[in-house]
Structures are given as C-alpha cells and as structure tokens.
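# Chain and residue survey
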Amino acid sequence: MQRLRQSRPAIVGTGAYLPAKVLRNSDLERMVETSDSWIVERTGIRERRIAAEKECPSDMGAAAALMALERAGLAPNDLDLIIVATTTPDTLFPSTACHIQQKIGARKIPAFDLQAACSGFLYGLVMAYHMVALGTYPTVLVVGAEKLSSIVNWSDRNTCVLFGDGAGAVIVQQSTQGGQMIAHDLGSDGSQGQVLTVPAGGSRLPLTPENIGEGLQFIQMAGKKVFRLAIDAMETTARNCLKKAALQPEEVGYVIPHQANMRIIELLSERLHLPLKRFFTHLERYGNTSAACIPIALHEALTAGDIRPMEKVLLIAFGGGLTWASALLEW
Ligand code: ACO
C-alpha cells in the first residue's frame, strides 16, 4: 500500500557524466612500477575514466546537471540556486558553478563552489536541503564534479592508481516523492590536514618553477594514515547520523559510501554490522572521483532500480581537510 508522505525537501532528479577515455590497470603497468593484481588486491579498482585534455569539471558537471533536470521534468530556467562541490575547479575564479550556470543556460541565479574535498557533495546536499526547507531557494542544483587527473602525479604509484574523473548532479525541491533527508552529520578536523593535501597552487605556496619541480602541485597522501582515519571517521559519522534519526544500523536498506578503497568499504560493513551486499560500489570501474563519487553512485543505483520505495539510504563520505559527512535519506 502506498504510504502518504508529507512534502519535504527531496532529491527529485539525478544525473551523471563519465568521460569516454578508460584507463585500465594494465595501462598503468606501463606508466609506473605496479601491477593489476596489486591494485585490485589493495584497492579493488580495475579501471578509471580520464577527461579529455580540454574537458573541464564544468563541462562534465553541466552534462550531469542537464540529465538531472530532465529526469526531474525541469528546465534550467526553473533553477533558483547552483552549488558545486569540487577540489579541481576549472579556474580559481570564476567558480565552476558560474561556468555551469552559463553552460546550462540557467537564469542569473546565485551560483557558488564549495570545497570539502571528497565530502563536498554531501556538504552541498545538506546546504541545499536547508535552503529549500527555508523556502528562499525552492529549486537547487547540487553538482559534484572533478578532474582529479589534473592534480595526480602520474609518476607516483602511491596515488596515481587511485583516482578518476567524472561528475554527478541532483535536483532538490519540495516533494512528496524522491529522497527526503531524515538526518545528517557533518564534521572536520583541520589538525590532520597534512595527511592528504595539494600543497602548492594556493596563496600559501604559489606555483613557481621550484614548487612545480618538486611536484607540490600534485596530491600528496600518507596512504596508511588516511586509510585508518577514513574508517574511523566514516563509522563515527554514520553512527552519529543514525543516532539523530533514532535508527539502528540494521534499519538501513542501502549504503552509498565514498568510493576510495574496497578494503575501507569492507571494514565499514563489518564495523556497522551491515552486510556488504547492501553497499553500492563502482570504484572497480571509476576509482575515486572525490566529490563526484556519491552523486554518480546515487544516479546509478536509482537507474538500476536498486533503491526501493521507502528504503532508507545512508550516504557516507570522507575526504581531505579532514572532512566527513553522512546523510540518511528515505526514498
Ligand atoms: N603498486 C605496487 N606497489 C605499490 C603501489 C602500487 N600502485 N603503491 C604502493 N606500493 C607499495 C609501497 O611502495 C609499499 O612498498 P614497500 O613496502 O616496499 O615500502 C607497499 O606497496 C605497501 O604500501 P602501503 O602504502 O603500505 O600500502 P597499503 O596497503 O596501505 O595500500 C593504499 C596503499 C591503497 C593507498 C591505501 O593505504 C589506501 O587506500 N589508503 C587510503 C587512500 C584514500 O582513501 N585516499 C583518499 C581518501 S579521501 C579522498 O578521496 C581525497
């Protein structure tokens, strides 16, 4: 029997875009000293998508946004606000959100970028829900778009095997349908910022020939530390979120975790006592696409029919900053 739901801010449309070029582990074997078996065993990743040279996060984000609008039965003119989560903006400014506003032909509505590394999309989603709930911006586009291939050191085997490019988007509006948010949890810890960082290119260390020579414009990561911190933070934020919703982990039907490493996802499933089969993964195909992971995954899960009506879906992210985020939605 169809349950009557109140109208609340809800995800009413999703979209995704993945660049055409596929970079397989076998391709990486020819670039650095690594092997398909090492990458699959230690991470679960088999291939990732790489944007074309001139393809920017705003191009990928605009494509995902147009798909989300279409699936919501809306046009760019219907949007009241654009929030874009990215760590790899097209330009320092204008923001990627402004590029997307122009590319999709939206009205002259507010548009801004938000940076919380891999947790950025969920930060943006929470902002959007609040804006819609207040009624000030009734229809909000939230995009996660990344071109991580532009900040990866392709001669560093510790990091270059992990990341990929792509974009995902959602539309948030008052609705009785779609994914309504029941609870959320956001957090950060700047004291651990050095474990995952791009040191140069900001105002602290502007790009100079010396900095570029040292590769400081690329992702630097203390992999083992990040691994441990990621599991702890993801478990804690998931539990905080469920506590706010007065729910037990077993009441969650579907989990979309940040797609960094299969071993992190397996450990999370153990710690939350939730069967691994309830966890969505696409990291074997796309690697870690940072802020784009979760909206791409959500779009794929919905279009595959994996998320059933009334199902409680837990989204869990972790990223540089450090930052973490979770959101519990009911479809
Ligand atoms: N191929 C072959 N060998 C490798 C590779 C590779 N691609 N990378 C590292 N190794 C080697 C190391 O050099 C090391 O060799 P040594 O023992 O001779 O020194 C050995 O493998 C083990 O290296 P570890 O770093 O200890 O390997 P680990 O099991 O920790 O796996 C990994 C490394 C995959 C990076 C893991 O630590 C991890 O996933 N960490 C979390 C990463 C993450 O989640 N990052 C992003 C989160 S937030 C965001 O998305 C921005």
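Higher on the page you've got the structure.
So, here is what we can say about the structure in this document. Small disclaimer: the values here were computed from a predicted structure and weren't measured.

Here is what the cut-offs are and how they apply
- Per chain, the residues get numbers from 1 upward, laid out in the order the sequence is written.
- For this predicted model, a pLDDT threshold of at least 70 governs which residues receive local features, and a threshold of 80 or more governs which side-chain atom pairs are given and counted, while totals over whole chains, interfaces and linings are taken from all residues.
- With hydrogens and water excluded, all non-hydrogen atoms of the structure serve as input to the side-chain values.
- Under the DSSP-based scheme used, a helix requires at least four consecutive residues in state H or I and a strand at least two consecutive residues in state E, with every element numbered from the N terminus.
- We take the radius of gyration over the C-alpha atoms and set the globule estimate at 2.2 Å times the residue count to the 0.38 power.
- Here the term buried applies to any residue with accessible area under 20% of the maximum for its type, exposed to any over 50%, and partly exposed to those in between, with areas from a 1.4 Å probe on protein chains only.
- In what follows, a contact means two residues having at least one pair of non-hydrogen atoms within 4.5 Å.
- Residue exposure ignores everything except the shown protein chains as possible cover, and the areas themselves are Shrake-Rupley values with a 1.4 Å probe.
- Distances are taken per atom, and a residue is near a molecule or strand as soon as one of its heavy atoms is within 4 Å of it.
- Distance and chemistry together define a polar contact, namely a pair of N or O atoms within 3.5 Å, with one atom able to donate a hydrogen and the other to accept it when in protein, and with adjacent residues in sequence counting only for side-chain atoms on both sides.
- When residues are grouped by polarity, Ala, Val, Leu, Ile, Met, Phe, Trp, Tyr, Cys and Pro land in nonpolar, Asp, Glu, Lys and Arg in charged, and all others, Gly among them, in polar.
- Every case where a carboxyl oxygen of Asp or Glu lies within 4 Å of a side-chain nitrogen of Lys or Arg is listed as a salt bridge.
- For the purposes of this section, nonpolar cores are sets of buried Ala, Val, Leu, Ile, Met, Phe, Trp, Tyr and Cys residues that join through side-chain atoms within 4.5 Å.
- Throughout the structure description, domain borders are defined by an automatic or database domain assignment.

## Some words on the overall build of the protein chain
If you tally the helices and strands in the protein chain, you get 11 helices and 13 strands. Over its C-alpha trace the protein chain gives a radius of gyration of 19 Å, about what one expects of a compact globule, namely 20 Å for 331 residues. Dimensions of the protein chain, computed from C-alpha atoms along their principal axes, come out at roughly 60 × 45 × 35 Å. Looking at the protein chain residue by residue over its 331 residues, the buried ones come to 56%. In the protein chain, of all internal contacts separated by at least 6 residues, the share reaching a separation of at least 24 is 76%. Only carbon and sulfur atoms are counted for the fraction: they give 53% of the accessible area of the protein chain, which is about 14,500 Å².

## Comments concerning the site of the ligand
Contacts to the ligand come from 23 residues, most closely from Thr-34, Arg-42, Cys-118, Asn-261 and Asn-288. Thr-34 has a polar side-chain atom sitting 2.6 Å from a nitrogen atom of the ligand. At a separation of 2.6 Å, an oxygen atom of the ligand approaches a polar side-chain atom of Arg-42. Out of a free accessible area of 1,000 Å², the ligand has 75% covered by protein chains. Mapped by element, the contributors of at least two residues to the shell around the ligand are helix H2 (36–43), helix H6 (157–160), helix H8 (223–244), helix H9 (262–271) and strand S12 (312–319). A total of 4 residues in the shell around the ligand trace back to one element, the largest contributor, which is H8. Here the residues of the shell around the ligand are counted per class, giving 10 nonpolar, 8 polar and 5 charged.

## Some remarks on the pattern of salt bridges
By the definition in use, this model includes 11 salt bridges. Across the salt bridge formed by Arg-271 and Glu-235, the nearest N and O atoms sit 3.0 Å from each other. Of this pair, Arg-271 sits in helix H9 while Glu-235 sits in helix H8, and the two are 36 residues apart along the sequence. Via salt bridges that share partners, Asp-232, Glu-235, Arg-239 and Arg-271 belong to a single interconnected network.

## Observations regarding the nonpolar core
Judged by nonpolar contacts, the single largest core of 43 residues is most densely connected at Val-252, Leu-314, Ile-316, Phe-318 and Leu-328. Going through the elements one at a time, H8, H9 and S12 are the ones with two or more residues in this core. Ranked by residue count, the leading element in this core is H8, at 9 residues. Both domains that meet at this core, namely domain 1 (8–176) and domain 2 (182–330), each give it at least three residues. The contact partners of Leu-314, leaving out residues within four places of it in the chain, are Ala-238, Cys-241, Leu-242, Val-252, Tyr-254, Val-255, Ile-256, Ala-327 and Leu-328. Formed by 34 residues, the second largest nonpolar core is a distinct cluster that contains Tyr-123, Met-181, Ile-307 and Ala-317.

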